[in-house]
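Residue-level structure breakdown
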Amino acid sequence: VIEMTDPYSGNKQKQSIDLSEIKPKEIDYSVLNRTNRYPFQTPTGRALEFKLLTHKDEKDISAEIQAMQRLTKSETSLDLTTRLKRMIVSVDGNTDRGTINRYVDNQMLARDTKAFREYVKKITPDVNMEFEYEDPETGEKEVRPIPMGVGFFYPSL
């Protein structure tokens with residue numbers, strides 16, 4: 001049981017979520033391979049090869065972002081560009097890290113980034129973190145994301 005805020009009324013209410021009903025996200029497993037290398041053609045015609053990030057990659061990215069933020073004292077989020085630089089392993093067949101970094105920093109357009117991220121999300125194995133919410137006042141049902149805040153892990157109920 002979690003406490004959540006109704007998106008329409010703003011009232012707090014208790015919601016029961018059966019975690020045993022959480023299912024894996026439906027993906028096309030035939031796309032996945034043992035080499036963890038995948039091709040992607042950007043809308044602007046660039047040929048990328050990328051890998052899906054591992055737990056180690058995620059830890060390395062977090063450490064790199066923290067180090068860069070300490071050095072630059074910047075409030076700018078470095079998460080997306082750092083993540084893209086780690087995922088992309090070649091641009092138009094070129095595997096040089098400097099070339100990949102320059103591409104992400106200076107040449108990758110917003111529409112390319114959006115299309116790339118949507119494709120990665122589509123093929124990445126994951127868990128469907130949604131539940132069916134029924135409004136207690138109207139009885140209407142909708143699918144909502146499971147709120148994963150502190151109250152989820154340490155409920156005050």
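Residues numbered from 1 in each chain as written. Predicted model: local features only at pLDDT ≥ 70, side-chain atom pairs only at ≥ 80, totals over all residues. Heavy atoms only, no water.

By volume, the largest pocket is sized at about 540 Å³. What lines the largest pocket is a set of 16 residues, and nearest its centre among them are Arg83, Arg117, Val120, Lys121 and Thr124. Within the residue set of the lining of the largest pocket, elements represented by two or more residues are helix H2 (79–87) and helix H4 (110–123). For the lining of the largest pocket, a count of residues per class yields eight nonpolar, one polar and seven charged. For the second largest pocket, the calculated volume is near 250 Å³. Lining the second largest pocket, in full, are Ser16, Ile17, Asp18, Glu21, Ile22, Lys23, Asn128, Glu130, Phe131, Glu132, Val143 and Ile146. The element contributing the most residues to the lining of the second largest pocket is strand S6 (residues 130–134), with three residues. (1 Å grid on protein atoms, 1.4 Å probe; cavity = no way out; pocket = protein on both sides within 12 Å on 5 of 7 lines; lining within 4 Å. Points joined across faces, edges and corners; volume = space filled by probe spheres on them. Helix = DSSP H or I, 4+ residues; strand = E, 2+ residues; numbered from the N terminus. Nonpolar A, V, L, I, M, F, W, Y, C, P; charged D, E, K, R; others polar.)

So, about the pairing of strand S3 (residues 38–41). Only one face of S3 is covered, namely the one carrying Tyr38 and Phe40; the face carrying Pro39 and Gln41 has none of its residues buried. The hairpin turn running from S3 into strand S4 (residues 47–50), its antiparallel successor, is five residues long, and glycine 45 in that turn takes a positive phi close to 95 degrees. (Buried < 20%, exposed > 50% of the residue type's maximum accessible area, 1.4 Å probe, protein only. Pairing = 2+ DSSP bridges.)

Membership of the largest hydrophobic core comes to 17 residues, with the highest contact counts inside it found for Leu48, Phe50, Ile88, Met108 and Phe116. Ranked by residue count, the leading element in this core is H4, at four residues. (Core = buried A, V, L, I, M, F, W, Y, C linked by side-chain atoms within 4.5 Å.)

It is worth spelling out H4 at this point. With 14 residues, H4 extends 20 Å between its outermost C-alpha atoms, agreeing within 8% with the 20 Å of an ideal straight helix rising 1.5 Å per residue. Elements that come into contact with the buried residues of H4 comprise S3, S4, H2, strand S5 (88–91) and helix H3 (97–107). (Expected span 1.5 Å × (residues − 1). Contact = heavy atoms within 4.5 Å.)

This next bit is on the packing of aromatic side chains. In total, this model carries five aromatic pairs according to the counting rule given. Here the aromatic rings of phenylalanine 50 and phenylalanine 116 are separated by 5.1 Å at their centres, their planes lie at 85 degrees, and the arrangement is edge-to-face. Of this pair, phenylalanine 50 sits in strand S4 while phenylalanine 116 sits in helix H4, and the two are 66 residues apart along the sequence. In terms of burial, phenylalanine 50 and phenylalanine 116 fall into one category: buried. Following the ring pairs from residue to residue traces out a cluster consisting of Tyr38, Phe40, Phe50, Phe116 and Tyr119. (Phe/Tyr/Trp six-rings, centres within 6.5 Å; stacked < 30°, edge-to-face > 60°.)

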